[in-house]
Amino acid sequence: MVVNRKPTGKAMSIPGGLAVGALFSIGATLLLTAVLAKLVEGETVQQENIGYGVMVILTVSAFTGALVSFGRIKRQRLLVCGLSGLLYFVILMSMTALFFGGQYSSVGVTALLILLGSAVAALLGLKQGGGGRRKKIKVNRS
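Residues numbered from 1 in each chain as written. Predicted model: local features only at pLDDT ≥ 70, side-chain atom pairs only at ≥ 80, totals over all residues. Heavy atoms only, no water.

(A) Focus on the nonpolar core. Grouped together as the largest cluster of nonpolar side chains are nine residues: Ile26, Leu58, Ala62, Tyr88, Phe89, Leu92, Met93, Leu113 and Ile114. Per element, the largest residue contribution to this core is four residues, and it comes from helix H3 (residues 77-100). Ignoring any residue separated from it by four or fewer positions in sequence, one finds alanine 62 in contact with Ser25, Tyr88, Ile114, Gly117 and Ser118. Among the nonpolar cores identified, the runner-up in size contains eight residues, and Ala66, Ile73, Cys81 and Ala122 belong to it. (Core = buried A, V, L, I, M, F, W, Y, C linked by side-chain atoms within 4.5 Å. Buried < 20%, exposed > 50% of the residue type's maximum accessible area, 1.4 Å probe, protein only. Helix = DSSP H or I, 4+ residues; strand = E, 2+ residues; numbered from the N terminus. Contact = heavy atoms within 4.5 Å.)

Pasting the structure below:
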């Protein structure tokens, strides 16, 4: 059966959707970092546990950016989520180069956490196949 779908014009181009997703990733990073700083200031979180908070921030920010990117683009979920994570990683590395003079530390862990957040967003929309429908075969018994 052929389904005729009329284009609604609500999907964005891939570069535009990735840019919006990157803005959401950076915004989520800044917001969650401010929350973590407030928790450390109020002594709710100890300074030794800041690393765990940063791990959560990176994963949630990558997840958020990938979901927003796919929500804007509306096609090719795996590609869009992967590119969104890659773009977020490149932005973080360029900020490190700009503000910290290129003193990279824990780049591998950062990349894995961003990959995890993007992969969860990509896998979130996959559905299990129903296995197809079975037809009942009628047998003529004479």
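(B) Expanded view of helix H1 (residues 14-41). Compared with an ideal rise of 1.5 Å per residue, which puts 28 residues at 40 Å, H1 spans 40 Å between its outermost C-alpha atoms and is within 8% of the ideal. Three or more residues of H1 are buried, namely Gly17, Leu18, Val20, Gly21, Ala22, Ser25, Ile26, Ala28, Thr29, Leu36 and Val40. Tucked into the core, H1 has its buried residues touching helix H2 (50-73) and H3. Residue glutamate 43 follows H1 closely and has a positive phi angle near 60 degrees. (Expected span 1.5 Å × (residues − 1).)

(C) Broad picture of unusual backbone geometry. Phi angles above zero are rare outside glycine, and glutamate 43 is one such case at about 60 degrees. Position of glutamate 43 among the secondary structure elements: in the loop between H1 and H2. Of note, glutamine 76 is a non-glycine position whose phi angle comes to about 55 degrees, a positive value. Relative to the helices and strands, glutamine 76 is located in the loop between H2 and H3.

(D) Seen up close, the packing of H3 against helix H4 (residues 107-124). Packing of H3 against H4 brings their axes to within 9 Å, and their N-to-C directions diverge by 150 degrees. Judged by the angle between their axes, H3 and H4 are roughly antiparallel. Crossing geometry of H3 relative to H4 is assigned as right-handed. Residues Arg77, Leu78, Cys81, Gly85, Tyr88, Phe89, Leu92 and Met93 of H3 form the contact with H4, whose participating residues are Val107, Thr110, Ala111, Ile114, Ser118, Ala121 and Ala122. The residue inventory of the contact of H3 with H4, partitioned by class, reads eleven nonpolar, three polar and one charged. (Axes fitted to C-alpha atoms, helices over the stretch in contact; angles between N-to-C directions. Parallel < 35°, antiparallel > 145°, perpendicular 65-115°, else oblique. Left-handed = near helix turned anticlockwise from the far one by under 90°. Nonpolar A, V, L, I, M, F, W, Y, C, P; charged D, E, K, R; others polar.)

(E) View of the side chain of threonine 96. Within the secondary structure layout, threonine 96 lies in helix H3. Among the polar contacts listed, one links the side chain of threonine 96 to the backbone oxygen of leucine 92, at a separation of 2.9 Å. When near neighbours in sequence (up to four residues on either side) are disregarded, threonine 96 contacts Gly101, Gly102, Gln103 and Tyr104. (Polar contact = N/O pair within 3.5 Å; in protein donor to acceptor, adjacent residues only side chain to side chain.)

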